[in-house]
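Examination of the molecular architecture
The chain contents come next:
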Amino acid sequence: MSYRPSIAKLQVASKNEKDGLYEFTMKLVDGTQCRVFYSKSPEWKMTAISRLQKTPCPVCRKDFICKCMDQWAGDLHQQMIEDEWMEKAIAE
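Residues numbered from 1 in each chain as written. Predicted model: local features only at pLDDT ≥ 70, side-chain atom pairs only at ≥ 80, totals over all residues. Heavy atoms only, no water.

1. Description of the nonpolar core
Residues L10, F24, M26, Y38, I49 and M80 are the most contacted members of the largest nonpolar core, which totals 21 residues. For this core, the secondary-structure elements that each account for two or more residues are β1 (7–16), β2 (21–28), β3 (33–40), β4 (44–51), α1 (73–82) and α2 (85–91). Here I49 is in contact with C34, R35, V36, M69, D70, A73 and L76, once residues within four sequence places are set aside. (Core = buried A, V, L, I, M, F, W, Y, C linked by side-chain atoms within 4.5 Å. Buried < 20%, exposed > 50% of the residue type's maximum accessible area, 1.4 Å probe, protein only. Helix = DSSP H or I, 4+ residues; strand = E, 2+ residues; numbered from the N terminus. Contact = heavy atoms within 4.5 Å.)

This is the structure in structure tokens:
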């Protein structure tokens, strides 16, 4: 069975509206938490993603730093665009 990440919640951690830089904390349905960095110039572009070390990685099961979320960056970015997660988080 392959891993399919799904966003449950997104919050703005920090933002620099002048430069169009945003940092979000993302919680996935399976409980995994990630930090996501975005640039908005002129459209949204994910610049980095990393898993917060609160639970083991759902892919490799390591409880330390890994780069597994990088392979799902495209899927997560697509969900964020299609479901307008960033606009909802910024509006809060």
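2. Things to note about the sheet that holds β4
One open sheet accounts for four strands, arranged β1-β2-β3-β4; its pairing is antiparallel. Because the sheet does not close on itself, it has two edges, and the strands there are β1 and β4. Ignoring strand direction, the axes of neighbouring strands in this sheet form an average angle of 25°. Bridge analysis of β2 against β3 gives seven bridges, and the strand direction is antiparallel. Residue pairing across strands places M26 opposite C34, the latter belonging to β3. Seen against the sheet, α1 touches β1, β2, β3 and β4 and runs at an angle of roughly 125° to β4. (Pairing = 2+ DSSP bridges. Axes fitted to C-alpha atoms, helices over the stretch in contact; angles between N-to-C directions.)

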